[in-house]
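Inside the fold
Here is what each chain is made of, one letter per residue.
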Amino acid sequence: MIRRATVLFLAALLPLLAGAGQAQAAGYRYWSFWERDGSAWTYATVGPSLSRPADGDVQGFRFSVSEDSGDAAKPRGAAGFDTICAKTPAKDGTKRVALVIDFGTPADAPSGEKPPAGRTACAQVTEDATTAEALASVAEPLRYDSNALLCAIAGYPAKGCGEQVATDGKDSSPAETAETAGSAGSAETAEDDGGSGPSVGLIAGAAVVVVLGAAAVWQVRRRA
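Please read these numbers as outputs of a predicted model, since none were measured by experiment.

1. Overview of the nonpolar core
- Grouped together as the largest cluster of nonpolar side chains are 19 residues, with contacts concentrated most on Trp 31, Phe 61, Leu 99, Ile 101, Leu 135 and Ile 153.
- For this core, the elements supplying multiple residues, two or more each, are strand S1 (25-37), strand S3 (58-66), strand S4 (94-102), strand S5 (119-126) and helix H4 (131-138).
- Among the elements that take part in this core, S4 stands out by supplying three residues, more than any other.
- The residues touching Leu 135, leaving out its near neighbours within four places in the chain, are Phe 61, Leu 99, Ile 101, Glu 140, Leu 142, Leu 150 and Ile 153.
- Tyr 30, Tyr 43, Ala 72 and Ala 98 belong to the second-largest nonpolar core, a separate cluster that totals 13 residues.

2. A closer look at unusual backbone geometry
- Residue Glu 140 is joined to Pro 141 through a cis peptide bond whose omega torsion reads 0°.
- Mapped onto the secondary structure, Pro 141 falls in the loop between H4 and strand S6 (143-144).
- Residue Pro 157 follows Tyr 156 across a cis peptide bond; omega there is -10°.
- Relative to the assigned elements, Pro 157 resides in the loop between strand S7 (150-152) and strand S8 (164-166).
- Phi at Ala 148 takes a positive value of approximately 65°, unusual for a residue other than glycine.
- Within the secondary structure, Ala 148 is located in the loop between S6 and S7.
- Although it is not a glycine, Ala 154 adopts a positive phi angle of roughly 55°.
- Topologically, Ala 154 is positioned in the loop between S7 and S8.

3. Observations regarding the state of the cysteines
- The full count for this structure, using the stated rule, is two disulfides.
- Sulfur-sulfur distance for the disulfide between Cys 85 and Cys 122 comes to 2.1 Å. Linking Cys 85 and Cys 122, the disulfide has an S-S dihedral of approximately 105° and is accordingly described as right-handed. With Cys 85 in the loop between helix H3 (81-84) and S4 and Cys 122 in strand S5, the pair connects residues that are 37 residues apart, well separated along the chain.
- Across the disulfide from Cys 151 sits Cys 161; the S-S distance is 2.0 Å. Measuring the twist about the S-S bond at about -75°, one finds the Cys 151-Cys 161 disulfide to be left-handed.

4. As for H4
- When we look at burial in H4, the residues that qualify are Thr 131, Ala 132, Ala 134 and Leu 135. Buried residues of H4 fall within an arc of 160° about the axis and therefore sit on the same side.

Reading guide: rules and limits
Residues numbered from 1 in each chain as written. Predicted model: local features only at pLDDT ≥ 70, side-chain atom pairs only at ≥ 80, totals over all residues. Heavy atoms only, no water. Core = buried A, V, L, I, M, F, W, Y, C linked by side-chain atoms within 4.5 Å. Buried < 20%, exposed > 50% of the residue type's maximum accessible area, 1.4 Å probe, protein only. Helix = DSSP H or I, 4+ residues; strand = E, 2+ residues; numbered from the N terminus. Contact = heavy atoms within 4.5 Å. Disulfide = S-S within 2.5 Å. Arc of directions from axis to C-beta.

What follows is the structure, encoded as structure tokens:
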């Protein structure tokens, strides 16, 4: 009876261990894709390779660390289409797409890298061009992963793609990436930062399980 009660109690506490191990992760470092509706930015519902903007549209990209689309940082800057494309006259058979490219803050940058200054560009492309094609015409080199997910704009960042980021700002070894978490990230995992020991949260969680498990055994024995 004692053994059975102890096993059931510890099984019920297994989610605590899992939660302690995952608590270290804060989010994912990736390029998010946005569409401008008037003066407001809206998180795009499709990726840039599937989006086909119309002439006069404003779209944006922001590099940052975020958990998902709900807390993703929006592109900064208030420039609209008329300002961004003021020097690009309309031309038959083409469309003009205003792009806002925000490389993010130093806090969001991968280790050893510095984000370039944000920029705007007016992409004049064929009428059926996608956002990805418009971006490639003004901000090369672009970098994609094996799943055709956008990893870098204008060569930034130099490496990495949708890697999981811990609460201390260091890359972790993710069980899932920005792609599997539902964000516009990549399936490429982060490089090993050399750490091999368990996290503090995991150790603390294990200690709690041991203490509570011992208490459960004592209670069962006492009632017996």
